[in-house]
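Spelled out, the chains give:
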Amino acid sequence: MLLVVTYSAAARTALRNLCRRHDDVVVRRFGRAALVEPTVYAAFLALRLRESHRGEVQIERTEPFNEYVALDAPVREAAVAYANRDSKSTPYAAFAAGTTHPAPDAMRGTEL
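Notes on the structure in this doc start here. These numbers come from a predicted model, not from an experiment. Within each chain, residue numbers correspond to sequence positions counted from 1 in written order. Restriction of local features to residues with pLDDT of at least 70 applies here, the model being predicted, together with a cutoff of 80 or more for giving and counting side-chain atom pairs; totals for whole chains, interfaces and linings are based on all residues. To obtain the side-chain values, all non-hydrogen atoms of the structure were used and water was disregarded.

**Here's the deal with the pairing of strand β2 (residues 26–29)**
Alignment of β2 against strand β3 (residues 33–36), held across three bridges, turns out to be antiparallel. The residue bridging valine 26 from the neighbouring strand is valine 36, located in β3. Here, a strand pair is defined by DSSP locating no fewer than two bridges between the strands. A helix here means a DSSP run of H or I that spans at least four residues, while a strand means a run of E at least two residues long, and both kinds are numbered starting from the N terminus.

So, in structure tokens, the structure goes:
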């Protein structure tokens, strides 16, 4: 998919209009940004928007996130365990201390 991000009011208005006129290529809209289909037509529309608003529009190619390929099992298991913890106010660092769950500092320094 393509992620189109706007950085000015005029560019946001143009993105909103683009999304309304061409809703068949829009996957999801987020206000200042939109995900559009990975088609040549959607890329054309995004490029046209960027050309009209120069540096106020950014276009990025995205790919779906597959946690089973990108992450090791301990990280996925830690996310599940932390989401299901008994005390919702416990920060992750305290939750992971003394367990086999990965430490937050170790995860921060590791790229996907």
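After that view of the structure, there is still more to cover.
**Quick look at the sheet that holds β2**
If you walk across this open sheet you meet the four strands as β2-β3-β1-β4, and the pairing is antiparallel. Two strands in the sheet have a free side with no partner beyond their single neighbour: β2 and β4 (57–61). The mean angle between the axes of side-by-side strands here comes to 20°, regardless of whether they run parallel or antiparallel. Inspection of the sheet shows strand β1 (residues 2–6) paired to β4 by five bridges, in the antiparallel sense. The residue bridging leucine 3 from the neighbouring strand is glutamate 60, located in β4. Contacts: residue pairs with any heavy atoms within 4.5 Å of one another. Structural elements are reduced to axes, namely lines fitted to C-alpha atoms, with helices fitted over the stretch in contact, and the angle between N-to-C directions of any two is expressed from 0 to 180 degrees. Packing against the sheet, helix α2 (residues 40–53) makes contact with β1, β3 and β4, and its axis sits at approximately 150° to β4.

**Thoughts on the nonpolar core**
With 16 residues, the main nonpolar core has Val4, Leu15, Val36, Leu49 and Val57 as its most contacted residues. For this core, the secondary-structure elements that each account for two or more residues are β1, α1 (9–21), β3, α2 and β4. Setting aside chain neighbours within four positions, we find leucine 15 in contact with Val4, Thr6, Gly31, Arg32, Ala33, Ala34 and Leu49. What is meant by a nonpolar core is a set of buried Ala, Val, Leu, Ile, Met, Phe, Trp, Tyr and Cys residues, joined one to another through side-chain atoms within 4.5 Å. Only protein chains enter the accessibility calculation, which uses a 1.4 Å probe; a residue whose area is less than 20% of its type maximum is buried, one above 50% is exposed, and one in between is partly exposed.

Remember, this is a structural readout, not a statement about activity or role.
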